[in-house]
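# Observations on the model geometry
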Amino acid sequence: MPDDPVPSTEMPPGEHCFPVTRSVAAGMSSWLLYKGEAREAALRALPVQGRSWNTLPRSLRPSSPSSPSATMVGLKPPEVPPTAAMKFISAGMAGCIADLCTFPLDTAKVRLQIQGEVRIPRTISSVEYRGVVGTLSTMVRTEGARSLYRGLAAGLQRQMSFASIRIGLYDSVKQIYTPKGAENAGMATRLLAGCTTGAVAVACAQPTDVVKVRFQASRTVSDSALRYSGTVDAYRTIAREEGIRGLWRGTLPNIARNAVINCGELVTYDLLKDALLRTQLMADNIPCHFVAAFGAGFCATVVASPVDVVKTRYMNASPGQYRNALSCLLALLMQDGPAGLYKGFVPSFLRLGSWNVVMFVSYEQLQRALVLARPALA
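Residues numbered from 1 in each chain as written. Predicted model: local features only at pLDDT ≥ 70, side-chain atom pairs only at ≥ 80, totals over all residues. Heavy atoms only, no water.

### Considerations on the confidence of the model for the protein
Residue-level pLDDT values for the protein average 77, and 75% of them are 70 or greater. Per-residue pLDDT stays below 50 along residues 31–35; that stretch engages in two contacts with residues further than four places along the chain or on separate chains. Counting contacts from residues 45–70, a segment whose pLDDT is below 50, to residues more than four positions away or on other chains yields 25 contacts. (pLDDT = per-residue confidence, 0-100. Contact = heavy atoms within 4.5 Å.)

Here's what the structure looks like:
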């Protein structure tokens, strides 16, 4: 009779592990299962209106790369909205940053807009600027690189007063005009708020705009010497030779221009940003602000270019050259036709589009930085 088989002492494949190891593995599986269930239970326990992973313990938050914190570009939107004073300061600083980046394009736009003006004989030799690149290269070659930033001091003074009011107070004025009980501001409310802040900003900052335009156009006015030795001398000379009213020359066309620009710029940015966030196409970060600002710059350039050309020519005119802004417009149409209203459109779009992108992106980030820095400063 054959012997009974002796039971093998070898362990099956995959069982070459100690009891302690098997216990640790079982414990880890139980912990992972508990962690997943705890995370789901904690999220279900949150109020429906305020569900956010930020309110959960850090150990229970998901760590996938698709989480909002991983895709956020720039500073996160603060939980506490910025105050009116923060918006006021942020707008002025953002306007200065944008001017520093785009001032040469603004100077090229001014030179192209006043080129061929009635008081300058229309000869071939007088047309010295052709296109944006040609204008910039001609200025650098004939006047030096510093000419691209001529009038920058007045430009920064203008932005600290102009952008702070026009942009920084827009939300506050919009809330004032919004009817009580309304969830969102309507189109008419936004347009009215833009026109109001634009008009008030022009009334306060017009002298700085006059001086800036005079400096930027000074090479065309005189081939031998500059009009003014400095920014302070420009204010003093204009007030002495043309009276205090000379510092507010072109206020009416400038109010019209900024009312149009505010409607095409601030309101467009406001609407585009709201649409992108409402449809969840983009998050409230730098790419969203970039897209909205670029669209706002294009709309503002299209609707404001005719008024901008008249404003620039009227501000740069000698005393008595034009009776008023209307006579300046008629002289422009008689000399250049309707196409003259869009003189310098390309540099104007390059300048206004890039200015909007830099300004709005900086403005949003500066607001958030001030909100984050507020507890530290308190």
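### Let's talk about a nonpolar patch on the surface
Where nonpolar side chains cluster on the molecular surface, the patch consists of Phe298, Val302, Val303 and Tyr342 and spans about 330 Å² of accessible area. Looking at the secondary structure, you find Phe298 in helix 12 (residues 286–316). A residue is classified by how much of its surface remains accessible, and Phe298, at 43% relative accessible area, is partly exposed. (Patch = residues over 30% accessible without salt bridge, like charges linked within 9 Å, V, L, I, M, F, W, Y side chains within 5 Å. Areas by Shrake-Rupley, 256 points an atom, 1.4 Å probe, with all protein chains shown as cover. Salt bridge = Lys/Arg side-chain N within 4 Å of Asp/Glu carboxyl O. Helix = DSSP H or I, 4+ residues; strand = E, 2+ residues; numbered from the N terminus. Buried < 20%, exposed > 50% of the residue type's maximum accessible area, 1.4 Å probe, protein only.)

### With respect to the environment of Thr301
In this fold, Thr301 is placed in helix 12. Counting along the chain gives 51 residues from Thr301 to Leu352, while the straight-line C-alpha distance between them is 6.7 Å. Once you skip the residues sitting within four places of it in the chain, Thr301 turns out to touch Phe345, Ser348, Phe349 and Leu352. At 2.7 Å, the side chain of Thr301 forms a polar contact with the backbone oxygen of Gly297. (Polar contact = N/O pair within 3.5 Å; in protein donor to acceptor, adjacent residues only side chain to side chain.)

### Some remarks on the packing of aromatic side chains
Here the structure, examined in full by the defined rule, presents six aromatic pairs. Judged by centre distance (3.9 Å) and plane angle (10 degrees), the rings of Tyr269 and Phe360 are stacked. Of the two residues, Tyr269 sits in helix 11 (residues 251–278) while Phe360 sits in helix 14 (residues 345–377), which places them 91 residues apart along the sequence. Of the two residues, Tyr269 and Phe360, both sit in the buried class. (Phe/Tyr/Trp six-rings, centres within 6.5 Å; stacked < 30°, edge-to-face > 60°.)

### Here's the deal with the environment of Gly344
With respect to the element layout, Gly344 can be found in the loop between helix 13 (325–336) and helix 14. It is 9.8 Å that separates the C-alpha atoms of Gly344 and Arg130, two residues lying 214 residues apart in sequence. Contact partners of Gly344, with chain neighbours within four places excluded, come to Lys109 and Leu112.

### Digging into the packing of helix 5 (residues 152–166) against helix 11
Where helix 5 meets helix 11, the axes come as close as 12 Å, and the angle between the chain directions of the two elements is 60 degrees. If you check the angle between helix 5 and helix 11, you find them oblique. Crossing of helix 5 over helix 11 shows right-handed handedness. Seen from helix 5, the contacting residues are Arg158, Phe162 and Arg166; seen from helix 11, they are Arg257, Asn258, Ile261, Asn262, Glu265 and Leu266. Taken together, the residues of the contact of helix 5 with helix 11 break down into three nonpolar, two polar and four charged. (Axes fitted to C-alpha atoms, helices over the stretch in contact; angles between N-to-C directions. Parallel < 35°, antiparallel > 145°, perpendicular 65-115°, else oblique. Left-handed = near helix turned anticlockwise from the far one by under 90°. Nonpolar A, V, L, I, M, F, W, Y, C, P; charged D, E, K, R; others polar.)

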